[in-house]
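Chain by chain, the residues:
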Amino acid sequence: MPMELLKYGLRRGHRPYGDIPATPDLRKRYDVVIIGGGGHGLAAAYYLSHYHGISDIAVLEKGYLAGGNTARNTTTIRSNYLTLPSIEFYREGLSLFENMSQELGFNVMFSQRGQLTLAHSDAAMRSFRLRAEMGKHAGIRAEVVDARTVQTLCPHVNMDFGGQHEVLGGLWHADGGTARHDAVAWGYAKRAAEKGVEIHQRTEVTGFGITGSRVTELHTNRGTIVAGQVLQAAGGMNGRIGEMAGIRLPIRNFPLQAMVTQPLKPFMDILLSSSNLHTYLVQSSRGEIVIGGGTDPYQLISTRSSLPQKEALATGALQLMPFLHNVKILRQWAGITDITPDFSPIMGASPLQNYWLDAGWGTWGFKATAVAGKRMAETIATGRVPDLLTPFALARFERFELLNEMGATAAGH
Amino acid sequence: MKIMTCPVNGPRNISEFQWLGPVHDASEATDENLITRLFHAPNPMGVLREWWRHTPSSTVFIAERNLITDEILRTYLQRPDADKPQMNP
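Residues numbered from 1 in each chain as written. Chains lettered and ligands numbered in written order. Predicted model: local features only at pLDDT ≥ 70, side-chain atom pairs only at ≥ 80, totals over all residues.

Going by what an unreviewed UniProt entry lists, chain B is known as Sarcosine oxidase subunit delta and is assigned to Paracoccus onubensis.

Going by what an unreviewed UniProt entry lists, chain A is known as FAD-dependent oxidoreductase and is assigned to Paracoccus onubensis.

Listed below in structure tokens is the structure:
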């Protein structure tokens with residue numbers, strides 16, 4: 001008995017169990033190469049291998065699996081956007097989270113607890129009315145609520161009656177929720193790998209070989225590979241990767257910072273956000289209060305945090321919940337976002353025939369992990385961009401058909 | 001605390017400054033360049049010339065800043081060949 005565990009571990013033929021296989025050798029050719037081993041790229045690999053019978057796939061990740069913006073976002077899942085194409089797209093995205101744990105056999109801890117965005121000004125209330133009506137039109141649950149309902153939904157919030165940031169009301173989005181970001185990526189990676197998808201970590205794309213209007217080769221730090229189709233899903237590095245492929249993307253980089261407190265008893269069962277204060281709060285399943293906000297106020301291609309931005313987050317959090325003043329910050333971080341001029345993503349075709357874009361996800365990408373992966377997989381498998389994605393084409397900037405989601409994104413997440 | 005040097009008021013806390021976006025040459029504002037001028041803002045992995053404003057004194061000036069290191073290389077008052085700053089970068 002005492003040696004039982006050792007015997008078990010050392011027995012002949014014992015194979016240690018791991019969800020994600022170690023990085024294999026890079027082969028010479030793949031049907032599909034996905035640049036970026038974050039949530040979006042892994043989801044696309046999953047849907048290609050499970051729904052479209054394409055499993056000769058290499059996912060190339062410069063760093064470690066899902067270590068970029070998939071690991072750094074603050075896990076808000078919602079669909080209360082402003083424009084019809086966005087609401088329809090994110091609505092499908094949200095619905096895929098509802099049975100994701102079952103589908104992947106992997107607990108992504110989806111918690112559909114509802115999101116409340118506070119208004120501290122008449123202008124914010126007006127914009128909420130528009131978003132609520134657009135939401136109802138598109139069949140999602142979004143409604144404007146008054147101050148009393150705010151107090152019922154979230155009794156802890158400081159209403160600041162008569163103060164500078166008096167809560168006038170809010171936008172209640174009952175469909176909103178949160179999920180564990182790492183688990184989403186790991187679940188997709190595990191199930192894709194089961195179908196033979198190769199996940200190559202620490203494999204950086206360094207250039208492309210382009211013949212005519214096709215990508216023929218990808219140069220990496222581990223050798224050159226030939227790809228039938230290429231999907232670019234490189235998060236904060238999307239602008240740079242596009243540039244390497246000769247594709248000019250309307251992307252600028254801004255850091256996005258967040259932090260979490262020590263774990264507290266569960267007290268907040270909604271996602272709380274304030275569009276005026278550019279701050280949002282959510283209590284994770286571990287009890288930590290995740291505090292996020294808007295991006296840094298100026299362009300930067302860096303994951304360094306800054307004190308002014310953390311102070312702004314803390315100030316917003318303490319305005320909403322002054323009783324958090326003695327709570328300690330446990331961790332803080334920053335990610336590099338790829339912001340587009342209209343705060344909507346760029347999905348679909350590129351100027352190259354076999355090169356597909358899943359870019360410009362800025363601060364709003366996590367909630368779309370599943371739907372972007374699913375629909376980009378469909379695009380690659382069929383060679384046709386689905387109707388759901390066509391409004392998000394790169395060409396919209398040339399046609400001045402922008403999808404302005406600045407108000408529904410910049411402060412709301 | 002991060003310090004920026006205002007060409008008029010000297011070194012001040014970065015919180016006193018407002019970023020107004022990249023400097024564009026006046027020659028960019030042509031019909032042919034409209035899409036680029038509107039949507040393809042520069043995002044170099046290196047030095048960017050950009051407009052800033054020292055808010056308390058409303059001094060608008062140009063800074064050269066490294067977008068990777070966030071190092072502010074130099075700040076100076078507007079040159080006559082540059083167009084006006086964007087108010088909504």
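Another aspect to go through is helix H8 (residues 181–194) of chain A. Taking 1.5 Å as the rise per residue, H8 of chain A with 14 residues should run 20 Å; its terminal C-alpha atoms sit 20 Å apart, in good agreement. Where H8 of chain A is buried, its residues contact helix H2 (39–51), helix H3 (69–72), helix H5 (100–104), strand S8 (198–200) and helix H11 (369–382) of chain A. (Helix = DSSP H or I, 4+ residues; strand = E, 2+ residues; numbered from the N terminus. Expected span 1.5 Å × (residues − 1). Contact = placed C-beta atoms within 7 Å.)

Turning next to the domain arrangement of chain A. Residue and element names in this part refer to chain A. Along its sequence, chain A is organised into domain 1 (26–73 + 182–250 + 342–409) and domain 2 (111–175 + 252–339). Using C-alpha coordinates to define each centre, domain 1 is positioned 29 Å away from domain 2. Each partner contributes to the interface: domain 1 provides 14 residues, whereas domain 2 provides eleven residues. The set of elements that each furnish at least two residues to the side of domain 1 that touches domain 2 consists of H3, helix H9 (238–244) and helix H12 (406–409). Taken together, the residues of the side of domain 1 that touches domain 2 sort by class into three nonpolar, ten polar and one charged. (Domains from an automatic or database assignment. Nonpolar A, V, L, I, M, F, W, Y, C, P; charged D, E, K, R; others polar.)

All right, on to the packing of H2 of chain A against H8 of chain A then. All names here are of chain A. Two elements in contact, H2 and H8, have axes whose closest approach is 8 Å; the angle formed by their N-to-C orientations is 35°. As H2 packs across H8, the resulting crossing turns out to be left-handed. Residues Gly39, Leu42, Ala43, Ala45, Tyr46, Ser49 and His50 of H2 pack against Val184, Ala185, Tyr188, Ala189, Arg191 and Ala192 of H8. (Axes fitted to C-alpha atoms, helices over the stretch in contact; angles between N-to-C directions. Left-handed = near helix turned anticlockwise from the far one by under 90°.)

For the rest of this paragraph, the subject is the nonpolar core. In this structure, Val33 and Ile34 of chain A are the most contacted members of the largest nonpolar core, which totals 120 residues. Those residues in contact with Val33 of chain A, other than ones at most four positions away along the chain, are Ala58, Leu60, Leu218, Ile225, Ala227 and Val230 of chain A. One finds Cys6, Trp51, Phe61 and Ala63 of chain B within the second-largest nonpolar core, a separate group that totals eight residues. (Core = buried A, V, L, I, M, F, W, Y, C linked by C-beta atoms within 7 Å. Buried ≥ 20, exposed ≤ 12 C-beta atoms within 10 Å, placed from the backbone.)

With that out of the way, let us pick up the sheet that holds strand S5 (residues 59–66) of chain B. Residues and elements named next belong to chain B. Overall, antiparallel pairing links the four strands, which are arranged S3-S4-S5-S6 in an open sheet. This sheet does not close on itself; its edge strands, each paired only once, are strand S3 (17–22) and strand S6 (72–77). Each neighbouring strand pair of the sheet contributes to a mean axis angle of 30°, computed without reference to strand direction. In this sheet, S6 lies alongside S5 in antiparallel orientation, the contact comprising five bridges. Within S6, the position partnered with Ala63 by the bridge is Thr75. (Pairing = 2+ DSSP bridges.)

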